[in-house]
Amino acid sequence: MDKTITSFIRALRAADVPVSIGESVDALKTAAFVGYGDRQMLKDSLATVVAKSVEEKDTFDQIFEIYFARDEMPPPPSDQQSESDQPGEGEGEAGADLLEMIESDDTLGMAMAMESAAQRINVQQIRFSTQRGILTRRMLEEMGLRDLEQRIFDLRREGTEEADAQAEALDAARGRLLSQGRDFVDRQFRAHGEAATERFMEDYLSRARLSDLDRHDMIRMRRLIRRMAKRLAAKHSRRKKAYNQGKLDIRKTMRANAAYDGVPFETVWRRQRRERAKVIAICDVSGSVAAFAQFLLMLLYSLTEVIPDIRSFAFSNRLVEISDDMDALQVDEVIPKILKDIGFGSTDYGRAFADLEEQAWDDVDRRTTVIMLGDGRSNYGDPRIDLVKELSGRIKRFVWLNPEAETLWGTGDSEILRYRPFTHVLRRCNTVRDLEMAVDDILRSYA
Amino acid sequence: MFDSIDQITDGLASVGYISTREISTALYIARHLEKPVLIEGPAGVGKTDLAQSTAKSTNLPLVRLQCYEGLDESKALYEWKYGKQLLYTQILKEKLHDILGDAGTLDQSFSKLHKFDDLFFSEDFLEPRALLRALRHDSGAVLLIDEIDKSDEEFEAFLLEILSEFQVTIPEIGTVKATVPPLVMLTSNNTREISDALKRRCLHLHISFPEEMREREIVAARVPGIGDALLRQLVGFVHALRDEDLKKLPSISETVDWARVLMLMHADHLDSDLIRSTLNVLLKFETDIQSVENKIETMKRKASGQKVTS
């Protein structure tokens, strides 16, 4: 029975529920302790041991239902259920057994034979949906499907009426067996393979260039970005006061203990407060970065969830504050809205910086980080380097994330090289992974 | 009480805590595998109460450690009574002369002083805090580490030894091991993600808002004498509220408070004016109250509609 639990845990891991070795030991102990008699109790108790968040509990429920559902093999719709209760022989290896089981209508025995055949050919290794057909066939052959087919063929050749009827019955049984086999492999795929495929796709996507993606990948991408935002939020959302423990504040201690003749009854320790992040994020949503704008906005949205003190702006030529929209609306609503209201115009960086001066200059101080998301292509307008220079001097950090490849910087109307001296960080950023690293960097500077 | 799951449910019910199958199972497994339970869920669903009720129904002492930012081991585990140590040295200053009187050299006086080393770092000067107290109870205890998510990450790491081995190490004294491992419960409101290392060592129990049936039982247990009709209506109304988009959803404790308020006002059924005048018991934000206020009629109807079906 231990094998049941370990392979169940393997299925959980494939579905992105991280089960550590210690936890699997606990799971085995739990299963041994509560037993397999009470399904609900087994489920509840395993859930407390291996699934450690609400999402994981949902996944756990799904996998548990798939995994422990296989005892329900449908009984064949035959009218002669004379010996249906005959216990199975367990390991049905050869084809003769399969024939016997079909004749004696032994569903339990067949289920067990299927189980052990599946183990022998390692159906659990299934990873892609395209493998289902071949694995079903191989599993059934392992159970002796060939012998069954040979028998049907032989009976057909005999040509007698009786033999034909028998062949007909066997053929029907074969059909049932095939569909049972397909269901079985399908369940295995859902338990072991599906999540792995999904992860493979996501891994591929996180490295793909944002500009090269199909519409088809968008949904998956959005999920990926949301998960990234969550991860970042978990890591950085809480700014805390750091106490510099172990360092005595001597001046304050002496002052506090003056009443005790200088004997230090009361000690005062040094403490240090960490700074709160204060961020101004500006996102270019013009035509030249149209393909990226979605992702930049998604990123901006996730940032607003992480950083409490953030003002966000978007521009094509005029700069518009979008903080309120970001706070009030869901990500699915806010991005189309911003793109519709502001997006796809022709860029004017100089104008945007001038607007920033007007709208946010008072709010800028040495604790502020300014994040610019854009390609720096300004349609040959005045880039207002003077404003950027002033800004850069006043703030803590000026971070510029550019979706263009480095080789294109400075070509055509790109002003990015002229802005470069005034940025503290300038990075190329055109995959989800780049985004995550960049944001992680920005947030870490406040930790 | 921990012989079977039903027994746990009954035991908790006897002290007024209406348990669910999941909750009882988690406690059952926790006791028998000797593992701490991490309880998560929205505020006010009875996470802390579960620990208190468990302690009450098992007659074990409850040791509670409230976590907050900056909590460290000197406040959670033990501390040397620094003031007392200092006071003693001041008082003993005169005695020092007697002890060292016949010592000729510095070496001799030093080795004489050495004998008194352990005196100042002994049990007499040790101030045990919650965690140490929980380990030292001979009969075992229920240790409640409340709102672990409010503490710092370093403190979580510090808890690992206690949670997996039920022992702590005090450098000056040695390792203190629990004779009877306490039943440990940690609660978290999910203001931040708990570290994997801690999660690995704990069982995980998620308590969400209760179903209507269970909430009715809870309110009936907490507010004795409440009429059946009112109970159905008010729980139905709270459930309708939880479907709304609110800043803060009303929790069980707020349902109970509201029931008490309605009892005090001698209400035997809900009407819109009554709801409007007492809504501030359920909803704690002005914007929430405003957004609900003009929907009261429909929600009340919805609530009583549920009453018919249930």
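Residues numbered from 1 in each chain as written. Chains lettered and ligands numbered in written order. Predicted model: local features only at pLDDT ≥ 70, side-chain atom pairs only at ≥ 80, totals over all residues. Heavy atoms only, no water.

K.L.:
How would you sum up the overall build of chain B? Please name residues and give values.
P.N.:
Check the secondary structure of chain B and you find 16 helices and 9 strands. When contacts within chain B are restricted to residue pairs at least 6 apart in sequence, long-range pairs at least 24 apart make up 75% of them. Carbon and sulfur atoms provide 52% of the accessible area of chain B, an area that totals close to 15000 Å². (Helix = DSSP H or I, 4+ residues; strand = E, 2+ residues; numbered from the N terminus. Contact = heavy atoms within 4.5 Å. Areas by Shrake-Rupley, 256 points an atom, 1.4 Å probe, with all protein chains shown as cover.)

K.L.:
Any details on the pattern of salt bridges? Residues and values, ideally.
P.N.:
The final tally for this structure, using the stated rule, is 39 salt bridges over all chains. Put simply, Asp325 of chain A and Lys337 of chain A hold a salt bridge, and the shortest N to O gap is 3.1 Å. With Asp325 of chain A in helix α13 (residues 323-328) and Lys337 of chain A in helix α14 (residues 331-341), this pair connects stretches of sequence that are 12 residues apart. The partner of Glu244 of chain B in a salt bridge is Lys295 of chain B, and the shortest N-O contact between them spans 2.6 Å. Remark: Lys295 of chain B occurs in the loop between α15 (286-293) and α16 (296-309) and Glu244 of chain B occurs in the loop between α12 (228-242) and α13 (252-264); sequence separation between them is 51 residues. Take Glu244 of chain B: its relative accessible area is 17%, and that puts it in the buried class. One salt-bridge network, in which partners are shared between bridges, spans Arg137, Glu141, Arg146, Glu149, Arg156, Glu168, Asp171 and Arg174 of chain A. (Salt bridge = Lys/Arg side-chain N within 4 Å of Asp/Glu carboxyl O. Buried < 20%, exposed > 50% of the residue type's maximum accessible area, 1.4 Å probe, protein only.)

K.L.:
Describe unusual backbone geometry, and please don't skip the residues or the numbers.
P.N.:
Residue and element names in this part refer to chain A. Here Asn122, not a glycine, exhibits a phi torsion of approximately 60°, which is positive. Judged by relative accessible area, which is 42%, Asn122 ranks as partly exposed. Phi at Asn379 is positive, roughly 55°, even though this residue is not glycine. Turning to its location among the elements, Asn379 is positioned in the loop between β4 (368-373) and α16 (385-394). Residue classification places Asn379 among the partly exposed positions, given a relative accessible area of 39%.

K.L.:
Outline the interface of chain B and chain A, supporting the account with residue identities and numerical values.
P.N.:
Listed by partner, the interface residues are 34 residues for chain B and 30 residues for chain A. The junction of chain B with chain A conceals about 2600 Å² of combined surface from both sides, 60% of it contributed by carbon and sulfur atoms. Area buried by chain B at its contact with chain A is led by Leu33, Glu69 and His204 of chain B, which between them contribute 21% of it. Applying the counting rule to chain B against chain A returns 2 salt bridges. A salt bridge links Arg21 of chain B to Asp44 of chain A; the shortest N-O distance between them is 2.6 Å. For the pair chain B and chain A, the interface holds 8 residue pairs in polar contact (both at pLDDT 80 or more). Contributions of two or more residues to the side of chain B that touches chain A are made by α2 (21-33), α5 (82-100), α9 (153-165), α10 (196-201) and β9 (203-206) of chain B. With 8 residues, the top contributor of residues to the side of chain B that touches chain A is α2 of chain B. (Buried area = accessible area lost by both parts, 1.4 Å probe. Polar contact = N/O pair within 3.5 Å; in protein donor to acceptor, adjacent residues only side chain to side chain.)

K.L.:
So what about the pairing of strand β8 (residues 183-188) of chain B? Which residues, and what values?
P.N.:
On a regular strand, each side chain points to the face opposite its neighbour's, so the side chains alternate between the two faces of the sheet. Residues and elements named next belong to chain B. Burial within β8 is extensive, with 6 of its 6 residues counted as buried. The alternating pattern of β8 places Leu183, Met185 and Thr187 on one face and Val184, Leu186 and Ser188 on the opposite face, and all of these are buried. Strand direction decides the pairing type here: strand β1 (residues 37-40) and β8, joined by 4 bridges, are parallel. Bridging across to β8, Glu40 finds its partner in Ser188. Note: strand β5 (residues 142-146) against β8, 4 bridges, orientation parallel. Note that in β8 the partner of Leu143 across the bridge is Val184. (Pairing = 2+ DSSP bridges.)

K.L.:
Kindly report on the packing of helix α15 (residues 349-360) of chain A against α16 of chain A, identifying the contributing residues and their values.
P.N.:
Residues and elements named next belong to chain A. The contact between α15 and α16 brings their axes to 9 Å, and the two run at 45°. With respect to their mutual orientation, α15 and α16 come out oblique. As α15 packs across α16, the resulting crossing turns out to be left-handed. Of α16, the residues touching α15 (which contributes Phe353, Ala354, Leu356 and Glu357) are Leu387, Val388 and Leu391. (Axes fitted to C-alpha atoms, helices over the stretch in contact; angles between N-to-C directions. Parallel < 35°, antiparallel > 145°, perpendicular 65-115°, else oblique. Left-handed = near helix turned anticlockwise from the far one by under 90°.)

K.L.:
Before we move on, could you go through the sheet that holds β1 of chain B and cite the residues and values that matter?
P.N.:
Residue and element names in this part refer to chain B. Pairing in this open sheet of 5 strands is parallel, and the strands run β2-β5-β8-β1-β9 from one edge to the other. Two strands lie at the open edges of the sheet, namely β2 (62-66) and β9, each paired on one side alone. Recorded for the sheet is a direction-independent mean angle of 20° between the axes of neighbouring strands.

K.L.:
Pulling in residues and values, what's your account of the sheet that holds strand β3 (residues 319-321) of chain A?
P.N.:
Residues and elements named next belong to chain A. An order of β3-β2-β1-β4-β5-β6 is seen for the 6 strands of this open sheet, with the pairing classed as mixed. Two strands close off the open sheet at either side, each with one partner strand: β3 and β6 (425-428). For this sheet the average axis-to-axis angle between neighbouring strands, irrespective of direction, equals 20°. The sheet contact formed by strand β1 (residues 278-284) and strand β2 (residues 310-315) spans 6 bridges and is parallel. Bridging across to β2, Ile280 finds its partner in Arg311. Contacts from α15 reach β1, β2, β3, β4 and β5 (397-402) within the one sheet, and its direction differs from that of β2 by about 145°.

K.L.:
A description of the nonpolar core should follow, citing residues and the corresponding values.
P.N.:
Among the nonpolar cores identified, the biggest contains 83 residues, and Phe8 and Phe60 of chain A together with Leu50, Met185, Leu234, Phe237 and Trp258 of chain B are the most heavily contacted of them. Broken down by element, the residue count for this core peaks at 8 residues, all from α12 of chain B. Dropping the residues within four chain positions of it, Trp258 of chain B is found in contact with Leu234, Phe237, Val238, Leu270, Ile275, Thr278, Val281 and Leu282 of chain B. (Core = buried A, V, L, I, M, F, W, Y, C linked by side-chain atoms within 4.5 Å.)

K.L.:
Before we move on, can you summarise the side chain of Ser109 of chain B with the specific residues and values?
P.N.:
All names here are of chain B. Of note, Ser109 is situated in helix α6 (residues 106-114). Of note is the side chain of Ser109, whose polar atom sits 3.0 Å from the backbone oxygen of Thr105. Discounting residues that sit within four places of it in the chain, Ser109 has contacts with Leu100 and Ala103.

K.L.:
Please provide a residue-by-residue account of the packing of α5 of chain B against α6 of chain B, values included.
P.N.:
Residues and elements named next belong to chain B. Close contact between α5 and α6 brings their axes to 10 Å; oriented N to C, the two are set at 120°. The angle between the axes of α5 and α6 places the two elements in the oblique class. As α5 runs across α6, the sense of the crossing is right-handed. Packed against α5, whose contacting residues are Leu96, Ile99 and Leu100, the element α6 presents Ser109, Lys112 and Leu113 at the interface.

K.L.:
Tell me about the packing of aromatic side chains, residues and numbers included.
P.N.:
One pass over the full model with this rule turns up 16 aromatic pairs over all chains. Between the aromatic rings of Phe155 of chain B and Phe158 of chain B, the centroid separation amounts to 5.5 Å while the plane-to-plane angle is 40°, which identifies the pairing as tilted. Of the two residues, Phe155 of chain B and Phe158 of chain B are both situated in helix α9; the distance of 3 residues between them amounts to about one turn of the helix. On the accessibility criterion, Phe155 of chain B (3% relative accessible area) is buried. Using a relative accessible area of 22% as the deciding quantity, one classes Phe158 of chain B as partly exposed. Connected via pairs of aromatic rings, a cluster forms that spans Phe315, Tyr349, Phe353, Phe398, Trp400 and Tyr419 of chain A. The residue whose ring lies beneath Arg31 of chain B is Phe2 of chain B, and the NZ or CZ to ring-centre distance is 5.5 Å. The lysine or arginine in question, Arg242 of chain B, covers the ring of Phe209 of chain B, its NZ or CZ lying 4.3 Å from the ring centre. (Phe/Tyr/Trp six-rings, centres within 6.5 Å; stacked < 30°, edge-to-face > 60°. Lys NZ or Arg CZ within 6 Å of the ring centre and 35° of its normal.)

Geometric descriptors of this kind do not, in isolation, establish any biological role.
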